[in-house]
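# Chain and residue survey
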Amino acid sequence: MMAVPEILRNLTVPVIAAPMFIVSGKEMVLEQCKSGIVGSFPALNARGEGEFERWLIEITEELDRYNQANPDRPAAPFAVNQIVFKSNARLHEDMELCVKYKVPIIITSLGANTEVNAAAHSYGGIVFHDVINQRFARKAIEKGADGLIAVASGAGGHAGAQSPFAIIQETREWFDGPLALSGCIATGDSVLAAQAMGADFGYIGSAFIATQEANAADAYKNMVVDCDADDIVYSDYFTGVSGNYLKPSIKDAGMDPNNLPKGDISAMSKLTDEQSDAKAWKDIWGCGQGIGAVDAVDSIADRVEKLKSEYDAARSRLSL
């Protein structure tokens, strides 16, 4: 096991919940943290004047109350995902609020940023940056990120194309800091497999879509339960960045999932524009290939307990 920050050493199971656009709200984050895994949300999910600050106040105060009432099993820390992309006009303002409320973990995406990293470090926060290859990984660490999220093939939403074996082994040849693996992780067994390869944490998103606390339409949750890896389409059409999406949602939107046009990076503005309807994520549903393991819509608490049971059973099978 590599060097893991103190705040991440006592998780119920070594899992960081991925921040999912629209889907991850403050209710989901609170339940994930109380269940003992890192809960996270994109800052851009809190839309409207003052909403992001209200979320930070509610999350920090509720977790503080929970920790005071449960000193023997305190909540895991939470994370805020910052989209470091030129169209995100909120980035500077949102980071000022992260500094004000001392957000424990910042997850950066779509661009490593020295200023963001320095802002987080100013109060003792740590930064994970998600990457799809070694060029981006090295650049992130050079710019001051503390940890990496290796986004391998099969991950939900924006995803890379490399095998998890390849990206983890190549990263560990030069980086010994905290490392999470994203890509088809939906069971405790796969969390342990990620650690066996050299990662410190499993990074799980899609499995949490099918939970009661997720800010997702019932049809979306049920589609996750009903589908498997064969129902995932990899395309850059919707945002200009390659990602994985549920094939039935593409069909329901009147498109042929097998013949999608080439994407345009300017479509990324849909994620950062406050006035946008974010159609790429409201109507076309992101999801990873690991959902064959999801067979019901559960509570966050039950999903995490299942992950822990599976993780412990896998360790036992291997006599660890």
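Below: a short report on this structure. Fair warning: this is a prediction, and the values are worked out from it, not measured in the lab. (Residues numbered from 1 in each chain as written. Predicted model: local features only at pLDDT ≥ 70, side-chain atom pairs only at ≥ 80, totals over all residues. Heavy atoms only, no water.)

### Some points on the sheet that holds strand β8 (residues 179-182)
So the rule is basically this: Criterion used throughout: strands pair if DSSP finds at least two bridges between them. Put simply, DSSP marks the helices as runs of H or I at least four residues long and the strands as runs of E at least two long, and each gets a number from the N terminus on. Axes here mean lines fitted to C-alpha atoms, for a helix over just the part in contact, with angles spanning 0 to 180 degrees between N-to-C directions.
Reading across from one edge, β1-β9-β8-β6-β5-β4-β3-β2 is the order of the 8 strands in this open sheet, with parallel pairing throughout. Strand pairing shows two members of the sheet lacking a second neighbour, β1 (15-17) and β2 (39-42), which therefore form its edges. With strand direction ignored, the average angle separating the axes of adjacent strands in the sheet is 25 degrees. With 5 bridges joining them, strand β3 (residues 78-83) and strand β4 (residues 105-109) adopt parallel strand pairing. Directly across from A79, in β4, lies its bridge partner I105.

### Some remarks on the side chain of D236
For clarity, the threshold we go by: The term polar contact refers here to a pair of N or O atoms within 3.5 Å; inside protein, the definition further demands a hydrogen-donor-capable atom paired with an acceptor-capable atom, and it admits residues adjacent in sequence only when both atoms are side-chain atoms. Contact between two residues is taken to exist if any of their heavy atoms lie within 4.5 Å; hydrogens are not considered.
Mapped onto the elements of the fold, D236 is located in the loop between β10 (232-235) and β11 (243-246). Within polar-contact distance, the side chain of D236 engages the side chain of K262 at 2.9 Å. Setting aside residues up to four positions removed in sequence, D236 forms contacts with V241, S242, P261, K262, G263 and D264.

### Let's talk about the sheet that holds strand β7 (residues 157-158)
Within the open sheet, the 3 strands sit side by side as β7-β11-β10. Their pairing is antiparallel. In this open sheet, the two strands that pair with only one neighbour each are β7 and β10.

### Points about the packing of helix α2 (residues 51-69) against helix α3 (residues 91-100)
To keep it simple, the criterion reads: Angular relationships are summarised with four words: roughly parallel below 35 degrees, roughly antiparallel beyond 145, roughly perpendicular across 65 to 115, and oblique for the angles in between. For a crossing to be left-handed, the near helix must be turned anticlockwise from the far one by less than a right angle; the clockwise case is right-handed. As a working rule, the residues Ala, Val, Leu, Ile, Met, Phe, Trp, Tyr, Cys and Pro are called nonpolar, Asp, Glu, Lys and Arg charged, and the rest polar, with Gly in that last group.
Put simply, α2 and α3 touch, their axes get as near as 10 Å, and they point 20 degrees apart. Here α3 runs roughly parallel to α2, going by the angle between their axes. The hand of the α2/α3 crossing is right-handed. Within the contact between the two elements, α2 uses F52, E53 and L56 and α3 uses D94, L97, C98 and K100. When the residues that make up the contact of α2 with α3 are grouped by side-chain class, the tally is 4 nonpolar, no polar and 3 charged.

### Examining the nonpolar core
Heads up, the condition is: Residues grouped as a nonpolar core are buried Ala, Val, Leu, Ile, Met, Phe, Trp, Tyr and Cys residues, joined through side-chain atoms within 4.5 Å. Classification of residues uses two cut-offs on accessible area relative to the type maximum, computed with a 1.4 Å probe and protein chains only: under 20% is buried, over 50% is exposed, and between them is partly exposed.
Residues F78, V80, I106, F208 and L246 are the most contacted members of the largest nonpolar core, which totals 76 residues. The element best represented in this core is α2, accounting for 6 residues. With residues up to four places along the chain from it excluded, the contact list for F78 reads V29, C33, V38, G39, F41, L56, I59, T60, L63, V103, P104 and I105. Core analysis: the next-biggest nonpolar cluster, separate from the first, contains 19 residues, V4, V38, I126 and F201 among them.

### What about the packing of aromatic side chains?
Note the cut-off: Two rings from Phe, Tyr or Trp (for Trp, the six-membered ring) form a pair when their centres sit within 6.5 Å of each other. Planes less than 30 degrees apart are called stacked, planes more than 60 degrees apart edge-to-face, and all others tilted.
Taken as a whole and judged by the stated rule, the model has 7 aromatic pairs. Ring plane angle 10 degrees and centroid distance 4.7 Å describe the contact between Y220 and W285, whose orientation is recorded as stacked. Residue Y220 is found in helix α8 (residues 218-226), and its partner W285 is found in the loop between α11 (279-282) and α12 (300-317); the two are separated by 65 residues along the sequence. Of the two residues examined, Y220 and W285, each falls in the buried class.

### Re the pattern of salt bridges
The line we're drawing: The salt bridge definition used is simple: a Lys or Arg side-chain nitrogen within 4 Å of an Asp or Glu carboxyl oxygen.
Tallied over the full model, the rule gives 12 salt bridges. With its nearest N and O atoms 2.9 Å apart, the salt bridge here joins K262 to D236. You can see K262 sitting in the loop between α9 (247-252) and α10 (269-272) and its partner D236 sitting in the loop between β10 and β11, a full 26 residues away along the chain. Measuring nitrogen to oxygen at the nearest pair gives 3.0 Å for the salt bridge that ties D298 to R303. Shared partners join several salt bridges into a network, and the residues in it are K34, E62 and R65.

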